[in-house]
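Residue-level listing of the chains:
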Amino acid sequence: MKKRIVIALGGNALGSNLTEQMEAVKNTSKAIADLLEEGHEVVVSHGNGPQVGMINLAMSEYAKNNPGQPEMPLSVCVAMSQAYIGYDLQNALREELLSRGIDKPVATLVTQVVVDPADEAFKNPTKPIGAFMTKEEADALIAKGEQVKEDAGRGYRRVVASPRPKEIVEIETVKELLDAGQVVIAGGGGGIPVIREGKGLKGVGAVIDKDFASCVLAQNIDADAFIVLTAVEKAAINWGKENEEWLGEITTEQARQYMGEGHFAPGSMLPKVEAATLFAESKEGRTALITLLEKAKDGIAGKTGTAIRK
Ligand code: ADP
Ligand code: MG
């Protein structure tokens, strides 16, 4: 049965530097091509932690070494990371598809995601980004209105908010491309965070969680399945303990119960389970799946992974 699927790729799908990424995307493309070969419609989204960190650091150095040059806003760095990752991924996927005799256009979409300026997250920024700084550098940044925190004795780092995604600005374009039979890479790094200002959109210095942004993307294109591909085959309760139990098929109620009991680590597995649950709850017949990159095909066939259904 042909499905409309959103795949959210984790860090292991892309590696953490230029060389690793070029290698990793080949393997990742195989997993995506497996689904396309079965006739599914696929939208790919992905994380960007190491990549946006690298771009942000390079741009800070540039500003430092070229007096008069402004700091590159984080929103612009996210846009750059979408293009850089999309470039590697779309080419690897195109090549993998051609090698299987599938002639399908693949394109990356620079994607903006609207956040609410009143989001509670802006009151208490928690996400460290960029390079470690000295006290003096930190004070200079604070004077400019940025938030800076001391990070576990290792120095000072800028912290930004991680607000919830509300709306994908380019959603109609994603749908048009999908309807035309194309493969779309969208919402990279959780999207470029923007707020609405009249008719305009203004980039904000924040980072949107890619699992939540992909969940909104999946809902808005009316996907049948939302697959979070990561470094583990299944989510577990009592993870890492003696009574560890890997989860197969669970209901949204069970997922909510396990989240409440604190079984999933915040910042890694929790956002995945929460995003998966939100998707499954959003409409009858929607399935969310968390599994290993290499197991995407088996997962969609119901053979493995943690599947969450209403
Ligand atoms: P990604 O880059 O794919 O977003 P993360 O590292 O953010 O990956 O999250 C996946 C990781 O979450 C797993 O590799 C595992 O180490 C960790 N994890 C935390 N809690 C759990 C759990 N309860 N069950 C399984 N994995 C968990
Ligand atoms: Mg993660």
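Report follows, based on the coordinates. (Residues numbered from 1 in each chain as written. Chains lettered and ligands numbered in written order. Predicted model: local features only at pLDDT ≥ 70, side-chain atom pairs only at ≥ 80, totals over all residues. Heavy atoms only, no water.)

**Some remarks on the overall build of the protein chain**
Point 1. Counting its secondary structure elements, the protein chain contains 9 helices and 17 strands.
Point 2. Structurally, the protein chain occupies a C-alpha span of about 60 × 45 × 40 Å along its principal axes.
Point 3. Scored against the burial criterion, the 310 residues of the protein chain give a buried share of 49%.
Point 4. Across the protein chain, every contact between residues at least 6 apart in sequence was considered, and the portion connecting residues at least 24 apart equals 73%.
Point 5. Element-wise, carbon and sulfur atoms account for 51% of the exposed surface of the protein chain, whose accessible area totals about 14700 Å².
Point 6. Positive and negative side-chain charges in the protein chain, numbering 35 and 43 respectively, have mean positions lying 2 Å apart. (Helix = DSSP H or I, 4+ residues; strand = E, 2+ residues; numbered from the N terminus. Buried < 20%, exposed > 50% of the residue type's maximum accessible area, 1.4 Å probe, protein only. Contact = heavy atoms within 4.5 Å. Areas by Shrake-Rupley, 256 points an atom, 1.4 Å probe, with all protein chains shown as cover. Lys, Arg positive; Asp, Glu negative; His and termini not counted. Charge placed at Lys NZ, Arg CZ, Asp CG, Glu CD.)

**Quick look at the sheet that holds strand 6 (residues 148–150)**
Point 1. Read from one edge to the other, the open sheet built from 3 strands follows the order 5-7-6, with strand pairing classed as antiparallel. Among the strands making up the open sheet, the edge pair consists of strand 5 (127–133) and strand 6. Going from strand to strand, the sheet's axes swing by 35° on average, the running direction of each strand aside.
Point 2. Here 3 bridges tie strand 6 to strand 7 (residues 156–160), and the two strands are oriented antiparallel to one another. Along strand 7, the bridge assignment pairs V148 with R158. (Pairing = 2+ DSSP bridges. Axes fitted to C-alpha atoms, helices over the stretch in contact; angles between N-to-C directions.)

**Observations regarding helix 3 (residues 74–99)**
Since the α-helix advances by 3.6 residues per turn, residues separated by three or four positions end up pointing in the same direction.
Point 1. Spanning 26 residues, helix 3 covers 37 Å between terminal C-alpha atoms, matching the ideal 38 Å at 1.5 Å per step.
Point 2. G101 sits one or two positions beyond helix 3 and adopts a positive phi of about 75°. (Expected span 1.5 Å × (residues − 1).)

**Some words on the nonpolar core**
Point 1. With 44 residues, the main nonpolar core has V6, V43, V174, I221, F226, F264 and V273 as its most contacted residues.
Point 2. Breaking this core down by element, the ones donating at least two residues are strand 1 (4–9), helix 5 (171–179), helix 6 (210–220), strand 12 (225–230), helix 7 (252–260), helix 8 (269–282) and strand 16 (287–292).
Point 3. Residue contacts for V273: discarding those within four places in its chain leaves A235, A255, M259, F264, I290 and I308. (Core = buried A, V, L, I, M, F, W, Y, C linked by side-chain atoms within 4.5 Å.)

**A few points about the pairing of strand 12**
Point 1. Within strand 12, 6 of the 6 residues are buried, leaving the element largely enclosed by the surrounding structure.
Point 2. With burial as the criterion, each face of strand 12 is covered, one bearing A225, I227 and L229 and the other bearing F226, V228 and T230.
Point 3. Alignment of strand 1 against strand 12, held across 5 bridges, turns out to be parallel. Directly across from L9, in strand 12, lies its bridge partner L229.
Point 4. Inspection of the sheet shows strand 12 paired to strand 16 by 6 bridges, in the parallel sense.

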